[in-house]
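Each chain, letter by letter, is given below.
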Amino acid sequence: MSREQLQGLYRYCFCLTRERGGAEDLLQTSLEKWIRRNKEVEYSHAYIRKIIRNQFVDDCRRKQKVAFESIEEHAPILLDETSLETLQIQHHLIEQVLNLLNSAEREVLYLWAIDGFSASEISEDLNQPRGTILSRLHRIKQKVADASEEQKRRLSGASS
């Protein structure tokens, strides 16, 4: 396994746990399971990611930390197209949004934005209905739009 692949798996773990130490522990435990299960150790990104996800769920159950999603119906909100430079400038906004997302939403966001998966690929990978994935993506977009509007209001209020 290359250093790049290991870093990608760490970022995935961090996306789920939102803690550096928790991500390191999750990655180590998952890699140990992967090595113990395979007599021929061959790298399979999807397989290791599934082990990581299952380990994360087990850890949450063990700690009785289950993320529940509220069911709210809102009209769709379309996001403006933003460049990568704009996102880097809005680092505070990104942190704020990540804090608003639960682990399931962060996982979908990671697979969609970082790994470039489509909603169908994510639903297949997570073994969940495509509609659930689309709903999560919609809620993520709503939270990003709401956080962005809140930040604009704060900035306009500060400059007045």
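Residue indices begin from 1 for each chain and proceed along its sequence in written order. Owing to the predicted nature of the model, reporting of local features is limited to residues with pLDDT of at least 70; listing and counting of side-chain atom pairs is limited to 80 or more, with chain, interface and lining totals taken over all residues. Note that water and hydrogens are dropped before the side-chain values are worked out from all heavy atoms of the structure.

Further remarks concern the overall build of the protein. For helices the rule is a DSSP run of H or I covering at least 4 residues; for strands it is a run of E covering at least 2, with both sets numbered from the N terminus onward. Helix and strand content of the protein: eight helices and zero strands. Along the protein, from the amino end to the carboxyl end, the secondary structure elements read α-α-α-α-α-α-α-α. Per-residue burial for the protein yields a buried fraction of 32% across its 160 residues. We call two residues contacting when some pair of their heavy atoms lies within 4.5 Å. Long-range pairs, those at least 24 residues apart, make up 64% of the contacts in the protein with a sequence separation of at least 6. Exposure classes here rest on a 1.4 Å probe applied to the protein chains alone. A residue is buried below 20% of its type maximum, exposed above 50%, and partly exposed in between.

Another aspect to go through is the pattern of salt bridges. A pair is scored as a salt bridge if a Lys or Arg side-chain nitrogen falls within 4 Å of a carboxyl oxygen belonging to Asp or Glu. All chains considered together, the criterion is met by seven salt bridges. With its nearest N and O atoms 3.7 Å apart, the salt bridge here joins aspartate 115 to arginine 49. Of this pair, aspartate 115 sits in the loop between helix H6 (103-114) and helix H7 (119-126) while arginine 49 sits in helix H3 (residues 45-63), and the two are 66 residues apart along the sequence. On the basis of relative accessible area, aspartate 115 is assigned to the partly exposed category, the value being 27%. We note a salt bridge from glutamate 105 to lysine 143, for which the minimum N-O separation is 2.8 Å. Of the two residues, glutamate 105 sits in helix H6 while lysine 143 sits in helix H8 (residues 130-159), which places them 38 residues apart along the sequence. Under the relative-accessibility criterion, lysine 143 is labelled partly exposed at 24%. When salt bridges that share partners are traced, they join Arg49, Arg53, Glu107, Asp115 and Asp125 into one network.

What follows deals with H7. When H7 is considered as a whole, its buried residues turn out to be Ala119, Ile122, Ser123, Asp125 and Leu126. Looking straight down H7, one finds its buried side chains confined to an arc of 165°; they lie on one side. Where H7 ends, the next residue or the one after it, asparagine 127, has phi of about 60°, a positive value. Taking the helix axis as origin, the arc is that swept by the directions to the C-beta atoms.

Let's shift gears to the confidence of the model for the protein. Overall, the prediction assigns the protein a mean pLDDT of 78, with 76% of residues at 70 or greater. Below a pLDDT of 50 lies the segment residues 73-80, which in the model reaches twelve contacts outside its immediate sequence neighbourhood of four places, other chains included. The predictor attaches a confidence to each residue, and that confidence, scored 0 to 100, is pLDDT.

Inter-axis angles, ranging from 0 to 180 degrees, are taken between N-to-C directions of lines fitted to C-alpha atoms, where helices are fitted over the stretch in contact. Across the interface, H6 lies against H7 with an axial gap of 10 Å and an inter-helix angle of 130°. As summarised for this structure, H6 and H7 are arranged oblique, according to the angle between their axes. The two elements H6 and H7 cross, and the hand of that crossing is right-handed. Only Ile122, Asp125 and Leu126 of H7 make contact with H6, whose side of the interface consists of Glu107, Val108, Leu111 and Trp112. Gly falls in the polar group here, along with every residue not listed as nonpolar (Ala, Val, Leu, Ile, Met, Phe, Trp, Tyr, Cys, Pro) or charged (Asp, Glu, Lys, Arg). Of the residues that constitute the contact of H6 with H7, the class distribution is five nonpolar, no polar and two charged. With respect to orientation, any angle under 35 degrees is reported as roughly parallel, any angle over 145 as roughly antiparallel, any angle of 65 to 115 as roughly perpendicular, and every other angle as oblique. It is the rotation of the near helix from the far one that decides the hand of a crossing: anticlockwise by less than a right angle makes it left-handed, clockwise makes it right-handed.

Excluding glycine, residues mostly carry a negative phi; peptide bonds, for their part, are mostly trans. Residue arginine 18 is not a glycine yet carries a positive backbone phi of 65°. Note that arginine 18 resides in the loop between helix H1 (3-17) and helix H2 (20-37). Taking the relative accessible area as the measure of exposure, arginine 18 reaches 26% and is therefore partly exposed. The phi dihedral of asparagine 127 is positive, around 60°, even though this residue is not glycine. Here asparagine 127 shows up in the loop between H7 and H8. Since its relative accessible area comes to 68%, asparagine 127 is described here as exposed.

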